[in-house]
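Structural overview for review
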Amino acid sequence: GMHVLAALALVCAAAAWPAPGLDPARLYPRAGITHVPAGGLLSDHVSIAANATLREAAQQWGRYIGSAANSGTLQKDATYAEVLTREYDLYTAENGCKFAQTQPQQTQYTFQECDTVHNQSVKASSAFRGHNFVWGADNPQWLLGGHFTPAQLTSIMGAHIATVGARYRSAIAWDVVNEAVADQGTELFKNSTPWYPAVSDYVDQAFVFARQTLGSGVQLFYNDYGGEGLSDKSTKIYNMVKSMRARGIPIDGVGLQMHVSVDYYPPFADVQQNMERLGALGLDVHVTEMDVACKPPCGANRLRVQAAIYGGMLAACLKVPACKNFETWGYTDKYTCVLGPGPGRRVTPGGCGTTRTRITSTCSRCRSTSPSRRSRRTTSCSRRSRPSRSE
């Protein structure tokens, strides 16, 4: 079954999208949709309640509907917090749980930003997703300039995961390693300062540390961009996690970031096939950071194309039992910097104040048999928690 989501957007990330190396034109094929009729692309729609919230609709399908949340915006914008609470049942900290934010000095941990998003998830009875423990970006200067040996780096990594992970064991999942795989070429990993190439097995090590701290009640994910469809990079990711499973490295899922655009995105069928092959390994799949950039001029038809891309990706997720979470990197253009400042730059059709109307008019369309109430997780966990920063 499928819901058609159109009115989803993204909270402003620390760096404007596309970031260096993340150009959708290089990572994805040119768009296959050029025109969408006003009524949308899907037929045989079956209405759900016109006043259903996104979280109510998602729960009927046994999925999470998630959004990144910015800790500062939560504290200053009551409408932002109110819409997030009403519509979404999973939160990820946009930046607040990353290494630089949680361990600004080697002997100092700060949890205020991460706590803000986590506590909001508890207050809203929503799930919390941790993002992220280990990444080649957003690291503190003491770590980057410390001239540590590989053994010291491994020890630092283990201590960080143990300390931060222990505080947020109520998370349903953590992105243990973020963006490790090379975009192109034959090498598996790209340079990820300070971890790689200094610690050649840092991905394996991070997952082992995470399982030691979090146990089996929290799912451990590898998260990346550019591997959503069928491509050389997605096959690298598939082969890496397949090898990890075969070697007994504790990994439970793969996060597909899905930073795409109206002009470039992977075909829906390819995304579905990729999700299916990951699921066949016994892994869950989360769409973790979706946004669909629409460069100006972004008129009515291009907005319908944008909506159709959101809907098509969600449809792919709903067809695959392993896909348990559909999450956007924020939900409103009010705070997005996906395309940088300037007029006419749209990530989704709705602004913060108008999101409700857009959501109910688009999410109320679906097609399929009656929704499955399958579990959103392959492992049992009713606890909630949360994570992250820009990507």
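No experiment lies behind these values; they were computed from the predicted model shown.

Glancing now at unusual backbone geometry. Here the residue pair His131 and Asn132 is connected by a cis peptide bond, since its omega of -15 degrees sits within 30 degrees of zero. For the bond running from Thr193 to Pro194, omega is 5 degrees, close enough to zero to count as cis. Locating Pro194 in the fold gives a position in the loop between strand 5 (173-178) and helix 9 (202-214). Located in the positive-phi region is Ser125, a residue other than glycine, with phi close to 55 degrees. Structurally, the position occupied by Ser125 is in the loop between helix 6 (112-123) and strand 4 (127-135). With relative accessibility at 51%, the residue Ser125 sits in the exposed group. The residue Glu179 is not glycine, and still its phi comes out positive at about 55 degrees.

We now examine the packing of aromatic side chains. Geometry of an aromatic ring pair is reported as the spacing of the ring centres plus the angle between the planes. Counting across every chain of the model gives 15 aromatic pairs. Taking 6.2 Å as the distance between ring centres and 55 degrees as the angle between the ring planes, the aromatic pair formed by Phe99 and Trp142 counts as tilted. Residue Phe99 is located in helix 5 (residues 99-102), and its partner Trp142 is located in helix 7 (residues 141-144); the two are separated by 43 residues in the primary sequence. Its relative accessible area of 13% is what places Trp142 among the buried residues. Note on Phe128 and Tyr168: the rings are 5.9 Å apart at their centroids and 40 degrees apart in plane angle, and the pair reads as tilted. Of this pair, Phe128 sits in strand 4 while Tyr168 sits in the loop between helix 8 (150-167) and strand 5, and the two are 40 residues apart along the sequence. Take Phe128: its relative accessible area is 0%, and that puts it in the buried class. Of the residues examined, Tyr168 reaches a relative accessible area of 0% and is grouped as buried. An aromatic cluster of at least three residues, connected via ring pairs, comprises Tyr109, Phe111, Phe128, Phe133, Tyr168 and Trp174. A cation sits over an aromatic face here: Lys233 above Tyr225, 3.6 Å from the ring centre.

Here we take up the packing of helix 11 (residues 268-279) against helix 12 (residues 300-319). Two elements in contact, helix 11 and helix 12, have axes whose closest approach is 9 Å; the angle formed by their N-to-C orientations is 30 degrees. Between helix 11 and helix 12, the angle falls in the class roughly parallel. Handedness of the crossing formed by helix 11 with helix 12: right-handed. Counting all contacts with helix 11, which are made through Phe268, Val271, Gln272 and Met275, the residues of helix 12 involved are Ala308, Ile309, Gly312, Met313, Ala316, Cys317 and Lys319. Class assignment for the residues of the contact of helix 11 with helix 12 results in eight nonpolar, two polar and one charged.

Another point: the pairing of strand 6 (residues 219-224). Extensive coverage of strand 6 is indicated by the burial of six of its six residues. Here five bridges tie strand 5 to strand 6, and the two strands are oriented parallel to one another. What sits directly across from Asn178, in strand 6, is Asn223. At this point the chain moves from strand 5, through helix 9, to the parallel strand 6, and the crossover so formed is right-handed. Across four bridges, the pairing between strand 6 and strand 7 (residues 253-256) is parallel. Residue pairing in the sheet places Phe221 in a bridge with Gly253 of strand 7. The β-α-β motif built from strand 6, the intervening helix 10 (residues 232-246) and the parallel element strand 7 has right-handed crossover chirality.

Before going further, it helps to spend a moment on the state of the cysteines. A covalent bond between the sulfur atoms of two cysteines is referred to as a disulfide. Scanning the model with the defined rule gives three disulfides in all. One disulfide bridge connects Cys294 with Cys298, the sulfur atoms lying 1.9 Å from each other. Negative torsions about the S-S bond denote left-handed disulfides, and the value of about 110 degrees found for Cys294 with Cys298 makes this one right-handed. On the accessibility criterion, Cys294 (0% relative accessible area) is buried. Linked covalently through their sulfurs, Cys317 and Cys323 form a disulfide whose S-S length is 2.1 Å. Residues Cys317 and Cys323 share a disulfide whose torsion about the S-S bond is about -95 degrees; that sign makes it left-handed. Counting only the cysteines that take part in disulfides, in the order they occur along the chain, gives the pairing 1-2, 3-4, 5-6.

With that settled, the discussion passes to the packing of helix 8 against helix 9. It is the contact of helix 8 with helix 9, at a shortest axis distance of 9 Å, that shows an interaxial angle of 35 degrees. Along this stretch, helix 8 crosses helix 9, giving a crossing that reads as right-handed. Residues Thr154, Met157, Gly158, Ile161, Ala162, Gly165 and Ala166 of helix 8 form the contact with helix 9, whose own contacting residues are Tyr202, Gln205, Ala206, Phe209, Ala210, Thr213 and Leu214. Its residues placed into classes, the contact of helix 8 with helix 9 shows nine nonpolar, five polar and no charged.

Any two side chains of opposite charge can pair if their charged atoms end up close together. Under the definition given, this model contains eleven salt bridges. Asp175 is paired through a salt bridge with Arg129; the nearest N and O atoms lie 2.8 Å apart. Highlighted residues: Asp175 in strand 5 and Arg129 in strand 4, separated in sequence by 46 residues. Neither Asp175 nor Arg129 differs from the other in exposure class; each is buried. A salt bridge links Lys233 to Asp183, with the shortest nitrogen-to-oxygen separation between them at 2.7 Å. Taken as a pair, Lys233 in helix 10 and Asp183 in the loop between strand 5 and helix 9 lie far apart in primary sequence, 50 residues in all.

The rules behind these values
- Residues numbered from 1 in each chain as written.
- Predicted model: local features only at pLDDT ≥ 70, side-chain atom pairs only at ≥ 80, totals over all residues.
- Heavy atoms only, no water.
- Helix = DSSP H or I, 4+ residues; strand = E, 2+ residues; numbered from the N terminus.
- Buried < 20%, exposed > 50% of the residue type's maximum accessible area, 1.4 Å probe, protein only.
- Phe/Tyr/Trp six-rings, centres within 6.5 Å; stacked < 30°, edge-to-face > 60°.
- Lys NZ or Arg CZ within 6 Å of the ring centre and 35° of its normal.
- Axes fitted to C-alpha atoms, helices over the stretch in contact; angles between N-to-C directions.
- Parallel < 35°, antiparallel > 145°, perpendicular 65-115°, else oblique.
- Left-handed = near helix turned anticlockwise from the far one by under 90°.
- Contact = heavy atoms within 4.5 Å.
- Nonpolar A, V, L, I, M, F, W, Y, C, P; charged D, E, K, R; others polar.
- Pairing = 2+ DSSP bridges.
- Right-handed = clockwise from strand over helix to strand, strands pointing away.
- Disulfide = S-S within 2.5 Å.
- Salt bridge = Lys/Arg side-chain N within 4 Å of Asp/Glu carboxyl O.

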